[in-house]
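Residue-level structural notes
Residue-level listing of the chains:
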Amino acid sequence: MDNRPQWGSRAGFILAAVGSAIGLGNIWRFPAVAYENGGGAFFFPYLFALLTAGIPLLIMEFTIGHRYRGSAPLSYARLSKKYEWLGWWQVAISFVISTYYAVIIAWAMSFAGFSFNLKWGDDPNGFLFGEYLKLSETPGDIGGIVPGVFIPLVIVWVVTLGILFKGIKKGIEIANKIFIPVLVVLFLIIVVRALTLDGAIAGLDAFFKPNWEMIADPKVWVAAYGQIFFSLSIGFAIMVTYSSYLPKKTDLTNSAFITGFANSGFELLAGIGVFAALGFMAAQQGVGINEVVSSGVGLAFVVFPQIINEFPALNGLFGSFFFICLTLAGLTSLISIVETFVAGVQDKFNVSRNKAVLVGGGLSAVISILFATQGGLYFLDAADYFINQFGVALAGLVQVVIVGWVLKELKNLQNHADAVSDIKLGAWWKVCLIGITPIVLGYMMIQNIITNVKDNYEGYPTSFLLYSGWGVAIAALIMGFVFMAIKKNETQTKLTIPNDKEVSQ
């Protein structure tokens, strides 16, 4: 009997999946990636990547979770006992990401408050790194806890764990039904306002103007696949976990298309808003757009405060709107990330949800304090880069190879998805997962290894990267095998799945 908790509605599930996919990267990564890789021309490889990797992988993860009714480790164990480690590896990756992701949300929360009186003054760069983060001079030097980061970090964890304590239907689903509409409405207000500013059209022209010559560059296609892959929450257990809470008769394929296109739609909206604002800033400073384009932490916490300073009216209000958007986008993603290891701990050790949230979420919260220290930004930067490049991307590649090539499970998964979905999966789905996706991800991985062996990331000392970067990524993989080796606290259960196939767990 399947007594697993369930979403209250398919719309609730889709909002949660979209909430997981829409994160900080949509706002601060996509616009710059598109601009640097051909502008308007980038949308062709981007759309191709969405249709040949993003949505096919989403369908695969949705189907695995729905068919095997478990967290990622349990679902892969039910797929084949030998591969439970893959699920735990992905859960460990999520755990690492949760520890520093919460800190970035805490920054956004702080800056939402700073916006009202423009506390960063005329030098947002100096304010961020000096006054706010109190950044150490040397990578690896931890220093003391920074109260201005630690206090909002506590609030982030209280909100996140409070929602998770409430469960799937009354916690995660309700939170996403509130957060996602508010996020979209606030961001639309920002975009509409940005479009009315002087220089906005020049900004949009820079963003959309196609450089067709770049289409022939393999790096542009790799950038497109990378953006899709990292943006859609694929490869680190989230979508497998979320889909395991779906009712048995749920249209999986349609849900994947809606999730994929909703995420891309928000990225496009973010690009319009960000470049309209950058165009305004370039016009105010009398420089070219290329001189003000930025991404990541620099865009959000340095460039945007500079733009807000220049706003003609109500700049504090629009500034707070922007940082509230970052906070909401971050929270919906963080909730989904923490849920992966809450579900994994519940399934493996047969404990109550509250205990799993307390242990898993509590441990992540405690470790996250490291990133709220004076040296926190260095640790955050290294951990984020290596866990994404050699965690998420590598785990996604291994997942596709194991499911598609080793276990040859795609036919069974296709039958399962087709049985509940209006859109039937044709040969394109298997071709994408067996051919295109592993080739592109494999190429990305080889290029990443060559790049990082040749030069240290950001010029950081090798000794620092060995434990804060490479060490973190390798530890996540090792934890996969460690958790698989731990014996369960319950007797074996049987799960009956379609096609009259029973799997032991």
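The shown structure was predicted, so the numbers you read here are calculated from the model rather than taken from an experiment.

For the rest of this paragraph, the subject is the overall build of the protein. For the protein, the helix and strand inventory stands at 20 helices and 2 strands. For 505 residues, the compact-globule estimate of 2.2 N^0.38 gives 23 Å, and the protein sits close to it at 22 Å. Sequence-distant contacts, at least 24 apart, represent 84% of the contacts inside the protein between residues at least 6 apart. Of the roughly 18900 Å² that the protein leaves accessible, carbon and sulfur atoms contribute 64%. Across the protein, the centroid of the 31 positively charged side chains sits 15 Å from that of the 30 negatively charged ones.

Mapped onto the fold, Phe275 is located in helix H13 (residues 252–285). On the basis of relative accessible area, Phe275 is assigned to the buried category, the value being 1%. For the pair Phe275 and Asp205, spaced 70 residues apart in sequence, the C-alpha separation works out to 8.8 Å. Beyond its immediate stretch of four places on either side in the chain, Phe275 contacts Pro31, Ala32, Tyr35, Ala200, Gly203, Leu204, Phe207, Ile289 and Val293.

Moving on, we come to the packing of helix H6 (residues 84–114) against helix H14 (residues 296–310). Direction vectors running N to C along H6 and H14 enclose 10 degrees, while the axes themselves pass 11 Å from each other. The angle between H6 and H14 places the two elements in the roughly parallel class. Taking contact as the criterion, the partners of Ile104, Trp107, Ala108 and Phe111 in H6 are, on H14, Val297, Phe301 and Pro305. Residues belonging to the contact of H6 with H14 are distributed by class as follows: 7 nonpolar, no polar and no charged.

Let's shift gears to the nonpolar core. Formed by 180 residues in total, the largest nonpolar core has its most connected members in Met60, Trp107 and Phe301. Counting residues per element, this core draws most heavily on H6, which supplies 22 residues. Discounting residues that sit within four places of it in the chain, Met60 has contacts with Gln399, Val400, Val403, Leu410, Leu413, Trp429 and Leu433.

Moving on to the packing of aromatic side chains. For the structure shown, the criterion picks out 56 aromatic pairs. Taking the centre distance of 6.4 Å and the plane angle of 70 degrees together, the rings of Trp28 and Phe301 count as edge-to-face. Of this pair, Trp28 sits in helix H2 (residues 24–28) while Phe301 sits in helix H14; the two residues are 273 residues apart in sequence, bridging distant segments of the chain. Aromatic side chains Trp85 and Phe481 sit 4.8 Å apart centroid to centroid with 15 degrees between the ring planes, which places their arrangement in the stacked category. You can see Trp85 sitting in helix H6 and its partner Phe481 sitting in helix H20 (residues 462–485), a full 396 residues away along the chain. Classification of Trp85 as buried rests on a relative accessible area of 11%.

Attention now moves to unusual backbone geometry. Unlike most non-glycine residues, Leu118 shows phi in positive territory, near 50 degrees. One can find Leu118 in the loop between H6 and helix H7 (124–132). Of note, the phi angle at Ala237 is positive, near 75 degrees, even though the residue is not glycine. For Ala237, the position within the fold is in the loop between helix H11 (218–231) and helix H12 (238–243).

The share of residues in the protein with pLDDT of 70 or more is 96%, and the mean pLDDT across the chain is 94. Across residues 498–505, confidence stays below pLDDT 50; counting only partners more than four residues off in sequence or on other chains, it has 30 contacts.

Structurally, Val366 is set in helix H16 (residues 353–368). Considered as a pair, Val366 and Thr138 are 228 residues apart in the sequence and their alpha carbons are 23 Å apart.

Right, let's get into the packing of H6 against helix H15 (residues 315–349). Packing of H6 against H15 leaves a shortest axis separation of 8 Å and a crossing angle of 155 degrees. Judged by the angle between their axes, H6 and H15 are roughly antiparallel. Of the two possible hands of crossing, H6 and H15 adopt the one that is left-handed. When grouped by side-chain class, the residues that make up the contact of H6 with H15 number 20 nonpolar, 8 polar and 2 charged.

Here H15 spans 51 Å end to end across 35 residues, near enough to the 51 Å set by a 1.5 Å rise per residue. Where burial is concerned, most of H15 is hidden: 32 out of the 35 residues are buried. A positive backbone phi angle near 55 degrees is found at Asn350, which sits one or two residues after H15.

Glancing now at the side chain of Glu339. Checked against the element boundaries, Glu339 lands in helix H15. Ignoring anything within four residues of it in the chain, the contact list for Glu339 reads Leu164, Ile168, Ile172, Thr241, Tyr242, Tyr245 and Arg353.

Quick look at helix H18 (residues 410–420) now. Think of an α-helix as turning once every 3.6 residues; residues three or four places apart then point the same way. Those residues of H18 not exposed but buried are Leu410, Leu413, Gln414, His416, Ala417 and Asp418. Summarising the contacts, the buried residues of H18 are in contact with helix H4 (43–68), H13, helix H17 (376–406) and helix H19 (427–454).

Taken as a whole, this structure holds 4 salt bridges when the rule is applied. For Asp347, the salt bridge goes to Arg4, with nearest N and O atoms at 3.4 Å. With Asp347 in helix H15 and Arg4 in the segment before helix H1 (10–21), the pair connects residues that are 343 residues apart, well separated along the chain. For the pair formed by Asp347 and Arg4, the shared burial category is buried. Between Arg353 and Glu339 there is a salt bridge, with the nearest N and O atoms lying 2.5 Å from each other. Of the two residues, Arg353 is situated in helix H16 and Glu339 in helix H15; the sequence distance between them amounts to 14 residues.

Within the secondary structure, Ser75 sits in helix H5 (residues 72–79). Assessed through its relative accessible area of 0%, Ser75 is described here as buried. The contact partners of Ser75, leaving out residues within four places of it in the chain, are Ile64, Gly65, Tyr68, Arg69, Gly70 and Val240.

Residues Ile474, Ile478, Met479, Val482 and Ile486 make up a contiguous nonpolar surface patch of roughly 390 Å² in combined accessible area. Considering the arrangement of structural elements, one finds Met479 in helix H20. By relative accessible area, Met479 is classed as partly exposed at 34%.

Criteria and cut-off values
- Residues numbered from 1 in each chain as written.
- Predicted model: local features only at pLDDT ≥ 70, side-chain atom pairs only at ≥ 80, totals over all residues.
- Heavy atoms only, no water.
- Helix = DSSP H or I, 4+ residues; strand = E, 2+ residues; numbered from the N terminus.
- Rg over C-alpha atoms; globule rule 2.2 N^0.38 Å.
- Contact = heavy atoms within 4.5 Å.
- Areas by Shrake-Rupley, 256 points an atom, 1.4 Å probe, with all protein chains shown as cover.
- Lys, Arg positive; Asp, Glu negative; His and termini not counted.
- Charge placed at Lys NZ, Arg CZ, Asp CG, Glu CD.
- Buried < 20%, exposed > 50% of the residue type's maximum accessible area, 1.4 Å probe, protein only.
- Axes fitted to C-alpha atoms, helices over the stretch in contact; angles between N-to-C directions.
- Parallel < 35°, antiparallel > 145°, perpendicular 65-115°, else oblique.
- Nonpolar A, V, L, I, M, F, W, Y, C, P; charged D, E, K, R; others polar.
- Core = buried A, V, L, I, M, F, W, Y, C linked by side-chain atoms within 4.5 Å.
- Phe/Tyr/Trp six-rings, centres within 6.5 Å; stacked < 30°, edge-to-face > 60°.
- pLDDT = per-residue confidence, 0-100.
- Left-handed = near helix turned anticlockwise from the far one by under 90°.
- Expected span 1.5 Å × (residues − 1).
- Salt bridge = Lys/Arg side-chain N within 4 Å of Asp/Glu carboxyl O.
- Patch = residues over 30% accessible without salt bridge, like charges linked within 9 Å, V, L, I, M, F, W, Y side chains within 5 Å.

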